[in-house]
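Structure assessment
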Amino acid sequence: MSITERLAAMRKHFGLSQRAMAHRVGVSPNTWNGYETRGEAPNSGVLSKLALEGININWLLTGGGEMLSDAPPSTAGPDDLVYIPRYDAIVAAGAGYFPTDHPTALPVAFSRAWLHRELRTGPANLFLIEARGDSMAPVIEDGDILLVDTGEPKFRGDGVYIFSAGNLLLVKQLRMRVNGDVEVLDAAGTVLQSLRRADLDSLFIIGRVVWKAGRT
């Protein structure tokens, strides 16, 4: 089942038209139509609202598991929402973009319960940032919004990380070798660079990407 089919199935689960579903999650009917016809992933705010309704966000985005979360829909209401800061600085998924000094964008609401249940984390060390470039596709597409966990330790094993190299912010896969060296890889698993343990100080890891959403 594709993401368009999962979105339609979820809407029918609620017994709503596209217009009514759009109103329920706070987007325009055209935006919701784009979800169901073009496979655009809902943004963080919409996913947060759906999580509060008891939808399994992992199922919605990847097809894994069941439509409904094991936990009952939250009845905590607005008090359960936490606001994660979103920054306009651009993270490079391709050849590299210099970070910018734009002011912080509007924060995005997430369900505190969903963060703990699905990501095993809390809001204190999280922020959102946009990726540009296509060298990490299809893992990360141009324009994806990335949720980054900056908690310690910064490097927690193999995964996708945001790190700085010189004056660039980059998002790449990092993999540790048995001898302690770290490899930088693209989405296909091709090793772009190997760093010896003694050279790791040159790789300033900002945080690990724990979730993403496509632009709507």
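Look above for the structure.
Let us look at the structure shown here. (Residues numbered from 1 in each chain as written. Predicted model: local features only at pLDDT ≥ 70, side-chain atom pairs only at ≥ 80, totals over all residues. Heavy atoms only, no water.)

Here's the deal with the pattern of salt bridges
Going through the model one piece at a time under the given rule, you end up with 8 salt bridges. Notably, a salt bridge pairs Arg11 with Glu36, separated by 2.5 Å at the nearest N-O pair. With Arg11 in helix 1 (residues 3–14) and Glu36 in helix 3 (residues 29–38), this residue pair connects regions lying 25 residues apart in the sequence. As far as burial versus exposure is concerned, Arg11 and Glu36 are alike and both buried. The residue Glu183 makes a salt bridge to Arg175 at a minimum N-O spacing of 2.6 Å. (Salt bridge = Lys/Arg side-chain N within 4 Å of Asp/Glu carboxyl O. Helix = DSSP H or I, 4+ residues; strand = E, 2+ residues; numbered from the N terminus. Buried < 20%, exposed > 50% of the residue type's maximum accessible area, 1.4 Å probe, protein only.)

Here we look at the nonpolar core
Grouped together as the largest cluster of nonpolar side chains are 33 residues, with contacts concentrated most on Met10, Trp32, Leu50, Phe110, Leu115, Leu147 and Trp211. Residue contacts for Trp32: discarding those within four places in its chain leaves Leu7, Met10, Arg11, Gln18, Met21, Ala22, Val25 and Val27. Counting 16 residues, the second largest nonpolar core, distinct from the first, contains Ala93, Met136, Leu146 and Val209. (Core = buried A, V, L, I, M, F, W, Y, C linked by side-chain atoms within 4.5 Å. Contact = heavy atoms within 4.5 Å.)

Quick word on helix 4 (residues 44–52)
By the criterion of burial, helix 4 is predominantly enclosed, with 7 of the 9 residues buried. Three or more residues of helix 4 are buried, namely Ser44, Val46, Leu47, Ser48, Leu50, Ala51 and Leu52. Residue Gly54 follows helix 4 closely and has a positive phi angle near 95°.

With respect to unusual backbone geometry
With the exception of glycine, most residues fall at negative phi, and the peptide bonds are largely trans. Cis geometry is adopted by the peptide bond preceding Pro138, which originates at Ala137 and carries an omega value of 0°. For Pro138, the location among the structural elements is in the loop between strand 3 (126–132) and strand 4 (145–149). Cis rather than trans, the peptide bond between Glu152 and Pro153 has omega equal to -5°. Backbone geometry places Arg120, a non-glycine residue, at a positive phi of 55°.

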